[in-house]
Amino acid sequence: MTNEDDRRNVRSEAEGAVPEEKEPIDSADEAGDDSEDGGKDKKKQGSFWKELPILIVIAVVLALVIKAFAVQAFYIPSGSMENTLQVGDRVLVNKIVYHTRDVARGDVIVFNGLDSWDPEVEVDEPGNPVSKVLRAVGTAFGVAPNEKDYIKRVIGIPGDRVACCDAKGRVTVNGIPLDESSYLYTDPVTHLRNKPSNEPFDVTVKPGQLWVMGDHRELSYDSRSHRGDPGGGTIPIDRVIGRAFVIVWPLDRAGTLPIPDTFKQRGLSAPANAALPATPYALGIAATLPFAYYRHRRRRKNR
């Protein structure tokens, strides 16, 4: 009997056994977990908004550093460089290039004309502190005009003789005529191109100076109009901010600003004084040659 009872008990236990159920999860615990996740999300959002002003400040500082030393954006306020540049265009100016090479004929440059040229465009002074700050920021990032900065094309460099006009009405540099058809302003309605100059001139560019002209010759107030100034119409090289190399806005006008082919003519040789900076180096090398030759002879003698 004992064995049968044991078998019945085993069978009844096996038949009545049920799988263990998971302990019910308290809804309060679930709510607690959700609240924890929600708290984390809120913390993340809070930290983002706290960090945003810092990120903005860092971005502005980096932009100002780049502007000060490398590349700066400029707003085109007038039509003096049409058709190459239109009013409202934004260009980027390379501020490093002239630390590696000299200003070249045909370069489109931005320079500071403060105390040397009158502004081409009069800009009204902001009437309140907020407007002044916005104007300063806009000028710094090239989205607002700056009345003391100019943009022109370099026609003559130190030592060049720039004149107009020859028998065919062309500007000449060191006696070589320029073919300016690729960049002189052309009226979109009449399709008439500006003359190279409506007034004659004949100047020799002094050391440290540049002769610059706008591409819209009938509108540009450039070196021709400042011949009565102390520089004789030229501008100091040390006032050059940089070379405009690309249009970035509007997008349908985006493109580079290369040097026109006419300035690559072989006849446009460098002026005589362009070789002067290399003269001290040449003299220094020449002076060391006798000494080097003497040492060479002495070594051979001692062998």
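In short, a report on the structure. (Residues numbered from 1 in each chain as written. Predicted model: local features only at pLDDT ≥ 70, side-chain atom pairs only at ≥ 80, totals over all residues. Heavy atoms only, no water.)

### Notes on the environment of Pro 158
Thinking step 1. Counting through the fold element by element, Pro 158 comes out in the loop between β4 (149-156) and β5 (161-164).
Thinking step 2. Separated by 46 residues in sequence, Pro 158 and Thr 204 place their C-alpha atoms 8.0 Å apart. (Helix = DSSP H or I, 4+ residues; strand = E, 2+ residues; numbered from the N terminus.)

### Let's talk about the state of the cysteines
Thinking step 1. Summed over the entire model, instances satisfying the criterion amount to one disulfide.
Thinking step 2. What pairs with Cys 164 in a disulfide is Cys 165, and their sulfur atoms sit 1.9 Å apart. Judged by the torsion about the S-S bond (70 degrees), the Cys 164/Cys 165 disulfide is right-handed.
Thinking step 3. Its relative accessible area of 38% is what places Cys 165 among the partly exposed residues. (Disulfide = S-S within 2.5 Å. Buried < 20%, exposed > 50% of the residue type's maximum accessible area, 1.4 Å probe, protein only.)

### Quick word on the side chain of Gln 72
Thinking step 1. Among the structural elements, Gln 72 can be located in strand β1 (residues 71-75).
Thinking step 2. Engagement of the side chain of Gln 72 in a polar contact is seen with the side chain of Lys 95, the distance being 3.0 Å. (Polar contact = N/O pair within 3.5 Å; in protein donor to acceptor, adjacent residues only side chain to side chain.)

### Quick look at the pattern of salt bridges
Pairing is possible between side chains of opposite charge, provided their charged atoms come close.
Thinking step 1. Within this structure, the stated rule accounts for 11 salt bridges.
Thinking step 2. With a shortest N-O distance of 3.1 Å, Arg 101 and Asp 107 are connected by a salt bridge.
Thinking step 3. In this structure Arg 101 comes out as partly exposed when scored by relative accessible area, which is 29%.
Thinking step 4. With a relative accessible area of 0%, Asp 107 lands in the buried category.
Thinking step 5. A salt bridge links Asp 160 to Arg 105, with the shortest nitrogen-to-oxygen separation between them at 2.7 Å. Of this pair, Asp 160 sits in the loop between β4 and β5 while Arg 105 sits in the loop between β2 (90-94) and β3 (108-112), placing them 55 residues apart in sequence. One exposure class covers both Asp 160 and Arg 105, and it is buried.
Thinking step 6. One network of salt bridges, in which partners are shared, links Arg 101, Asp 107 and Arg 243. (Salt bridge = Lys/Arg side-chain N within 4 Å of Asp/Glu carboxyl O.)

### What about the packing of aromatic side chains?
Thinking step 1. Taken as a whole and assessed by the stated rule, the structure comprises three aromatic pairs.
Thinking step 2. With a centroid separation of 5.4 Å and 15 degrees between ring planes, the pair formed by Phe 111 and Tyr 150 is classed as stacked. Here Phe 111, found in strand β3, pairs with Tyr 150, found in strand β4; they are 39 residues apart in sequence, far enough to count as distant.
Thinking step 3. We note Arg 153 situated over the ring of Tyr 183; from NZ or CZ to the ring centre the distance is 4.4 Å. (Phe/Tyr/Trp six-rings, centres within 6.5 Å; stacked < 30°, edge-to-face > 60°. Lys NZ or Arg CZ within 6 Å of the ring centre and 35° of its normal.)

### Considering a nonpolar patch on the surface
Thinking step 1. Residues Val 248, Trp 249 and Leu 251 make up a contiguous nonpolar surface patch of roughly 310 Å² in combined accessible area.
Thinking step 2. Checked against the element boundaries, Val 248 lands in strand β11 (residues 240-249). (Patch = residues over 30% accessible without salt bridge, like charges linked within 9 Å, V, L, I, M, F, W, Y side chains within 5 Å. Areas by Shrake-Rupley, 256 points an atom, 1.4 Å probe, with all protein chains shown as cover.)

### With respect to the nonpolar core
Thinking step 1. Formed by 15 residues in total, the largest nonpolar core has its most connected members in Ile 155, Val 162, Val 171, Leu 178, Phe 201 and Trp 211.
Thinking step 2. Those residues in contact with Val 171, other than ones at most four positions away along the chain, are Ile 155, Val 162, Ala 163, Cys 164, Ile 176, Pro 177, Leu 178, Glu 180, Pro 196, Phe 201 and Arg 217. (Core = buried A, V, L, I, M, F, W, Y, C linked by side-chain atoms within 4.5 Å. Contact = heavy atoms within 4.5 Å.)

### Examining unusual backbone geometry
Thinking step 1. Going from Glu 82 to Asn 83, the amide bond is cis rather than trans, its omega being 0 degrees.
Thinking step 2. The step from Cys 164 to Cys 165 runs through a cis peptide bond, and the omega angle for that step is 10 degrees.
Thinking step 3. Among the structural elements, Cys 165 can be located in the loop between β5 and β6 (171-173).
Thinking step 4. One non-glycine residue, Asn 174, lies in positive phi territory at about 55 degrees.
Thinking step 5. Within the secondary structure layout, Asn 174 lies in the loop between β6 and β7 (176-177).
Thinking step 6. One non-glycine residue, His 191, lies in positive phi territory at about 65 degrees.

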